[in-house]
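Observations on chain architecture
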Amino acid sequence: MPDITVETPTDVEVGKESKFIVNVPSGSGTGPLNVSVKATLTPKPLQVQDNGDGTMSVTFTPRANGNHEFHLKWGETEIAGSPYNVAVSGDAKRDPSKVCVKLDSTELEVGKSLVFSVVAEDEAGPGPLMVDAEGPAEPTINLKNVSGGEFSVDLNCPKAGEYKVEIQWGEGAAVPGSPFTFTCK
């Protein structure tokens, strides 16, 4: 089987379209070209196109900076040189308005946990999620990353009273509705 070669992109920036060119000589078999990416946020869109001239394009738009590791396979066979590491520069686009806090109640009992969800749509950009609270006593807050973009927040207040809970996404920007007021009885 002839060698498949890859031209990797340079000067890749957040929010700007970039592309790999994969040279597939005749006699390489039928493929298909499979692409997977490891990054803080998967680039979107990520598209593979047959250019009809013995090359294929892998077009992507990064949503976060840092290293993006592209694994390229032709059929089930890893292409020589894969994974390809692409350094992405620029500032990640964050939109805390795309983060939703799902609460069933804002009341809890002293010493008992209240668990609620925070869901960040893809358009929210990379986190991190930050939760802080103040009130009559220092509450315990446990965060858990449930799955892609969904977080579980466990709040436990040791003393009765009113607690203000600030929820932020990314660079310290408050999500809609924050701060939230919880009453502990």
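Residues numbered from 1 in each chain as written. Predicted model: local features only at pLDDT ≥ 70, side-chain atom pairs only at ≥ 80, totals over all residues. Heavy atoms only, no water.

**A short note on the nonpolar core**
Counting 23 residues, the largest nonpolar core has F116, V118, I167, W169 and F182 as the members making the most contacts within it. Dropping the residues within four chain positions of it, I167 is found in contact with V101, F116, V118, L129, M130, V131, A173, A174, V175, S178 and F180. Within the second largest apolar cluster, 19 residues are counted, among which are V6, M56, F60 and V88. (Core = buried A, V, L, I, M, F, W, Y, C linked by side-chain atoms within 4.5 Å. Buried < 20%, exposed > 50% of the residue type's maximum accessible area, 1.4 Å probe, protein only. Contact = heavy atoms within 4.5 Å.)

**Digging into the side chain of T59**
Tracing the chain through its elements places T59 in strand β6 (residues 55-60). With a relative accessible area of 12%, T59 lands in the buried category. Once you skip the residues sitting within four places of it in the chain, T59 turns out to touch E17, S18, K19, P45, L46 and Q47. (Helix = DSSP H or I, 4+ residues; strand = E, 2+ residues; numbered from the N terminus.)

**Section: the environment of G81**
Following the sequence through the fold, G81 ends up in the loop between β8 (77-78) and β9 (84-89). Note on G81: relative accessible area 52%, which makes it exposed. With 10 residues separating them along the chain, G81 and H71 place their C-alpha atoms 9.2 Å apart.

**What about the sheet that holds strand β3 (residues 18-23)?**
Strand order in the open sheet formed by 4 strands is β1-β3-β6-β5, and the pairing between neighbours is antiparallel. Strands at the two margins of the open sheet, each flanked by one partner only, are β1 (5-7) and β5 (46-50). Ignoring which end each strand starts from, the neighbouring axes of this sheet average 20° apart. As paired elements, β1 and β3 share 3 bridges and run antiparallel to each other. Residue pairing across strands places E7 opposite I21, the latter belonging to β3. (Pairing = 2+ DSSP bridges. Axes fitted to C-alpha atoms, helices over the stretch in contact; angles between N-to-C directions.)

**Focus: the pairing of strand β7 (residues 66-74)**
When strand β4 (residues 33-38) meets β7, the two strands line up antiparallel, connected through 6 bridges. Following the sheet pairing, V37 is matched in β7 by F70. Pairing between β7 and β9: 5 bridges, direction antiparallel. Bridging from a neighbouring strand, E69 pairs with N85 of β9. If you look at the hairpin formed by β7 and β8, you'll find 2 residues sitting between the two strands, and G75 has a positive phi there, around 70°.

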